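Reading the structure
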Amino acid sequence: MINKPAGLVVHPGSGNHKGTLLNALLNHHRGAADLPRAGIVHRLDKDTSGLMVVAKTLKAHTDLVRQMQGRTVKREYLALVQGEMDRPGTVDAPLARDPIHRTKRAVHPMGKQAVTHYTIEERFPSATLLRCSLETGRTHQIRVHMKHIGHPLVGDKTYSNVRRGRAMNFPRQALHATKLALNHPYTGERMEWSVPLPQDMEALLEVMRAGGTWGG
């Protein structure tokens with residue numbers, strides 16, 4: 001289990017061939033080269049922080065991938081979204097690659113099923129802190145679903161054109177994977193981990209509680 005910092009790319013790609021989590025695993029774990037994706041079971045976006053599970057053996061990797069597919073791995077995120085929300089809810093909207101901007105995702109009737117549940121953790125005059133629970137794990141799922149219901153994530157430059165508000169200048173999407181639960185791949189024991197918000201998001205919330213402006 002690792003607590004990924006914001007800014008760390010998970011897989012090498014265009015413009016990110018070095019300094020990724022996969023590179024680090026290959027350098028620090030002797031058996032990683034023999035595992036699919038060096039043992040990485042799922043991913044987080046570059047600017048999303050929080051919990052990820054990484055397998056150290058092929059048996060563990062195979063089992064954890066099956067758990068992800070079978071939806072027995074439970075993941076919760078804390079997300080600060082733009083605008084005021086006053087009730088919990090569920091977004092059940094299929095996601096597909098955006099037909100125009102190919103690096104983005106969009107709600108599309110021909111996409112794959114995607115379900116996000118959310119509850120309210122804390123309210124502010126111009127934003128709401130949500131706890132989001134995933135039934136599915138589609139690329140950019142929370143970010144696209146929140147935009148779809150009119151509440152894009154604070155700091156999300158990809159899925160938000162909103163420029164107003166106290167905290168819209170936050171330098172990344174305010175999204176943190178705070179809790180993860182799964183069955184141990186060898187013993188079957190149910191296991192659960194949680195991590196607090198990183199320093200930048202905690203500082204952002206303190207600014208919001210004080211009624212200030214991020215960076216101001």
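Data block above holds the structure.
Description of the structure in this document. (Residues numbered from 1 in each chain as written. Predicted model: local features only at pLDDT ≥ 70, side-chain atom pairs only at ≥ 80, totals over all residues. Heavy atoms only, no water.)

1. Let's talk about the nonpolar core
Among the nonpolar cores identified, the biggest contains 25 residues, and Tyr77, Ile142 and Met146 are the most heavily contacted of them. When contributions to this core are tallied by element, the ones reaching two or more residues are helix H1 (21-28), strand S3 (74-82), strand S8 (127-134), helix H3 (141-148) and strand S9 (175-183). In contact with Met146, other than residues within four places in its own chain, are Val81, Val91, Tyr118, Leu130, His151, Pro152 and Leu153. Formed by 13 residues, the second largest nonpolar core is a distinct cluster that contains Leu78, Leu129, Leu205 and Met208. (Core = buried A, V, L, I, M, F, W, Y, C linked by side-chain atoms within 4.5 Å. Buried < 20%, exposed > 50% of the residue type's maximum accessible area, 1.4 Å probe, protein only. Helix = DSSP H or I, 4+ residues; strand = E, 2+ residues; numbered from the N terminus. Contact = heavy atoms within 4.5 Å.)

2. So, the side chain of Gln173
On the secondary structure map, Gln173 appears in the loop between H3 and S9. Here Gln173 falls in the buried class, since its relative accessible area comes to 4%. A distance of 3.1 Å separates a polar atom in the side chain of Gln173 from a polar atom in the side chain of Thr48. In contact with Gln173, not counting residues within four places along its chain, are Asp45, Asp47, Thr48, Arg143, Leu153, Val154, Gly155 and Asp156. (Polar contact = N/O pair within 3.5 Å; in protein donor to acceptor, adjacent residues only side chain to side chain.)

3. Notes on the pattern of salt bridges
Tallying each qualifying case throughout the model produces 12 salt bridges. In this structure, the salt-bridge partner of Arg172 is Asp200, at a minimum N-O distance of 2.7 Å. Within this pair, whereas Arg172 is found in the loop between H3 and S9, its partner Asp200 is found in helix H4 (residues 199-209), the two being separated by 28 residues in sequence. On the accessibility criterion, Arg172 (5% relative accessible area) is buried. One salt bridge in this structure joins Lys179 and Glu192, with 3.4 Å as the shortest N-O distance. Linking Lys179 in strand S9 with Glu192 in strand S10 (residues 190-194), this pair joins segments that are 13 residues apart in sequence. (Salt bridge = Lys/Arg side-chain N within 4 Å of Asp/Glu carboxyl O.)

In short, shape yes, function no, at least from these values alone.
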